[in-house]
Every structure is written in structure tokens, then in C-alpha cells.
Amino acid sequence: MRTKIWNSDVECMDRERLRALQGERLRAVVKREYENVPLYRERMDEKGVKPADIRTVDDLQYLPFMEKTDLRDTFPYGLFAAPKKDIVRIQGSSGTTGKPIVSGYTQNDIDAWTEMMARTLTAAGADENSIVQVCYGYGLFTGGLGAHQGAGRIGAMTVPMSSGNTQRQIMMMLELGTTHLCCTPSYALYLGETLEKMRIDRSQLKLKAGCFGAEPWTEEMRGEIERLLGLDALDIYGLTEIAGPGVSFECMEKHGMHVNEDHVIPEIINPLTGKALPYGEKGELVFTTITKEGMPMIRYRTHDICRLHDEKCACGRTLVRMERLMGRTDDMLVIRGVNVFPSQIESVLVGVQGVAPHYLLVVDRQNATDSLEIQVEVTDDMFADSLGKLEEIKRIIGERIKSVAGIKALITLVGPGTIPRFEGKAKRVIDKRNL
Ligand code: DLL
């Protein structure tokens, strides 16, 4: 199904023109950063780069990177490039060390982010006739407010549910006739399962599409969510440091997420050498914000792994597409020397009949040897079935994990509903090794 395009002037812009626009904006943001952020000025000086050296997008490679640790080290205001009086909002996300990561937005920054989310929801077929139920958390997390602002911008009826209270979410969906859902993919799955449990036929719902993101998911999970909820499940990506949800979004072609390139420039680099890689190659995603005033980010290393593609999409948009995320350079597990990504394991599990897509990976080390246990739920039907069948499932999973991830794992089948469910981002790995 073809849907409308919110801002076709930009979303379908000729790539040469887009590149010129990016160059112009890049020059301005580098100057702003150099003049206002001491940490970045020092870093540019160390590299011997001056703002005047940066003329086109090709010159990005000469600029130093920024990292999450920079946000932590300068917390809370050290990276602000605008006076505090011009900052109208703070958003944040949980840092790994307890201190949150925060970003400051001027009104122009909020407007730009809202525009990105308006494009995202429009690509999902939403408009002023739509009813958008937002079940991302509201608060410092960008999910709730980001989706809320975008839905307001396109004139949809917004239902600001925030996360949690699943039965009430479903009741509202039914009573209001919600057409679009915004939540994490794991929560979408949980909503779908709860519907089944409540014996509500999905034909009673008016759902058309959902924008699901904030955590990794798989094509198989997309299929399952679409089956359970009867909607088009679209991927949406973003991060607090860059804006929030809507940095990139999928269209109905379901063929990767279009990056809002008039606001951010994406690059893929080799995470070990830092060298930029051409489109089509897999590596670490790096973003430069080119319109942000409050806290611009230049060559920010996301640690997310993916590929970029610049072929024109069948939807008409010329914006570069990001493939579904393949994992993170930092949550990659190294087990007995083998690099294992939770997403690889998930793609195996969802392909096995009789198994539900709820799992937990438990990594441990005993006598200097790593072990991986995969706890996975079986479906209700399978749970009631014979022991022999369960053994067979264990064998199948074990073999497939070995061939896909190259590692032997202990498979533990657990009963339906045993693995914890999450309203926000799911936590699927317990690493007991204290590495
Ligand atoms: O998760 C923003 C967001 C909200 C995106 C709602 C989409 C929907 P943070 O909390 O700062 O921001 O986390 C950012 O989450 O670097 C990725 O590792 C991960 N992530 C976000 N979207 C996806 C996705 C929000 N579609 C971090 N697929 C990012 C896989 C995702 N991972």
C-alpha cells in the first residue's frame, strides 16, 4: 500500500541537492560547535582541523568522533552549544553507570524532531483521521513525547497512554478504535498475546499500522506481531543523543528505515579503525546532527551495527535507508571467543515451531569456561505435548544455534508466561561473568 509523504520536497529530494544542503548545514554546525563547546574545540585543535577546513560532506572524515562517554564526562551541560535560556526541554536515557545521559533542545530542535516524527507517522499511513495510541513511556525517555508531538503535528487524535497497564491499553484500543500504535516491538507482541488470552478477536480492532522501535527485533517478530494484531508493523529508530524516535523510519515497503538526512548525516565506519565504509557495507553507525542547536553531535558513534543503502525506494523517497539493526558493538557477547549477537539467537528461536519469541540468555563462567544457556518459552499447545516432542525441539534449537552462531548452548525450555515481559525495552541477556 502506498501512503502519503509528509514533506516530499525533502523526502524525495534529488541526492545532489540534498548533499549540497547537508554541506551548507554541516559548515554551520561545525562552526557553532567549535565556538561554543570547549571539549569539541580541543579535540578539533588536537587533530589540527579548523571549521574553515570543512566545506562539504566529504570533509566529515577529518572531524573527530564523539562518544557516549563524552556526555557522561560533561554531564549535565558541558556539551550545550546554546545558552541555557534558549533550552526549552531536557530528555534523557539511562546510562550504563547510573547517571542518565541528557540532551538539551531549543524550540527549533523540538520542531525539527516533531517534523521527523510527522514524516514517520505519515509513512505509516497516519493522518488527521487517525487515532494514535502512544504506549511508549512518557518522561525523560524520548519515546512517549516524541511520538506524541509527531501525532499532534499531523493532526491525529492522540491517546497518551504511556507504557503499562496492558488490559487498559486493550480496552482503550477497542473503545476508541485506535488505528496506529506506537510502542516497543516486545510490548506489541505482549499486547497481541494478551488479546489472544482475553479471547478478543483481532477483527474487533481498527488497527492499521504500528511504529515499533527502541530495541532490536527481527523479521520473524514482525510476522508474529502482524499476525496477532492485524496491522503493518514498521520499524522506527532513534536515540536521545541525536533527537529521539524518528531519526529514521520505515515506509510501507518494509525495506529499511529512511534516514531524515536533512537533519542528520549517517555514516558507517569500521569500528576498529574508525575508517568510513561505503554504502552496502556493514559497520558501526555514526551520526552528525546538522540542524541541532541545543546539543549538536558531530560524528557521534552509536555502537549500533547496520548497513546503509542509497538506492531509491519504491515509495519515491530518496533518503538513504538503514537496514534493520544487527546488534551493537558493545552488547555483542563474546562467548568462548565467539562473537554472538542476541539478534542471531532470536532469529533462530522465532523460526522453530512450538516455541514462543520470549527468551533469556544467561552467560556464565565456571572453571575458566564460558557457558551459554538459552531459556525459551514453549507455546501452550507444545507445553501440553509429550516429553519426546520437547526433547526434539531442544535438539533442533541446539543444532541451529550451533550452525548460525557457531556456539554450543544449553537449551532450557520453560512454560508459557515464565520469562518476564517488559513494557519498555526488553532485557534479554544476563551476563554473570562480571567481565
Ligand atoms: O530508544 C529512542 C526511540 C524511542 C527509538 C522510540 C524508537 C522508538 P534511547 O533510549 O536513547 O532512544 O536508545 C537508543 O536504542 O542506539 C539502539 O541501540 C536502540 N534502538 C532504538 N531504535 C531501535 C530499533 C530510543 N528500531 C538505542 N532497532 C539505539 C534496534 C533500536 N535498536
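What you see is a predicted model; the values in this text were computed from it and never measured. Sequence order as written defines residue numbering, which begins from 1 separately in each chain. pLDDT decides what is reported in this predicted model: residues at 70 or higher carry local features, side-chain atom pairs at 80 or more are listed and counted, and totals for whole chains, interfaces and linings draw on all residues regardless. Here the side-chain values reflect all heavy atoms present in the structure, with hydrogen atoms and water set aside.

A short note on the environment of G274
Thought 1: A run of DSSP states H or I qualifies as a helix once it reaches four residues; a run of E qualifies as a strand once it reaches two. Both are numbered from the N-terminal end. Mapped onto the fold, G274 is located in the loop between β10 (264-269) and β11 (276-277).
Thought 2: Note on exposure labels: buried denotes an accessible area under 20% of the residue type's maximum, exposed denotes more than 50%, and partly exposed covers the range between, all computed with a 1.4 Å probe on protein chains only. For G274, a relative accessible area of 14% corresponds to the buried category.
Thought 3: Each C-alpha atom of the pair G274 and V286 lies 10.0 Å from the other, and the pair is twelve residues apart in sequence.
Thought 4: The contact definition used throughout considers only heavy atoms, calling two residues in contact when any of these lie within 4.5 Å. Those residues within four positions of G274 in sequence are excluded, and the remaining contacts are F65 and I269.

Let's talk about the packing of helix α2 (residues 15-36) against helix α3 (residues 38-47)
Thought 1: What counts as an axis is a line fitted to C-alpha atoms, over the stretch in contact for a helix, and the angles between N-to-C directions run from 0 to 180 degrees. Running from amino to carboxyl end, α2 crosses α3 at an angle of 105 degrees, the nearest separation of the two axes being 6 Å. Relative to α3, the element α2 lies roughly perpendicular. Where α2 approaches α3, its residues V30, E33, Y34, E35 and N36 are matched on the opposing element by P38, Y40, R41, M44 and D45.
Thought 2: Looking at the contact of α2 with α3 residue by residue, the classes come out as five nonpolar, one polar and four charged. We call two directions roughly parallel when the angle between them is under 35 degrees, roughly antiparallel when it is over 145, roughly perpendicular when it lies between 65 and 115, and oblique otherwise. Just so you know the grouping, Ala, Val, Leu, Ile, Met, Phe, Trp, Tyr, Cys and Pro go in nonpolar, Asp, Glu, Lys and Arg go in charged, and all remaining residues, Gly too, go in polar.

A closer look at the packing of aromatic side chains
Thought 1: For Phe, Tyr and Trp, rings pair up if their centres lie within 6.5 Å, where Trp contributes its six-membered ring, and each pair is then called stacked (planes under 30 degrees apart), edge-to-face (over 60) or tilted (otherwise). Considering all chains together, one arrives at six aromatic pairs under this definition.
Thought 2: An angle of 80 degrees between the planes, with centres 6.1 Å apart, marks the rings of F212 and W217 as edge-to-face.
Thought 3: Two conditions define a charge sitting above a ring: the NZ of Lys or the CZ of Arg must be within 6 Å of the ring centre, and it must be within 35 degrees of the ring normal. Cation over ring: R301 sits above F65, and NZ or CZ is 5.3 Å from the ring centre.
Thought 4: For R324, the ring lying beneath its charged end belongs to W217, and the centroid distance is 4.6 Å.

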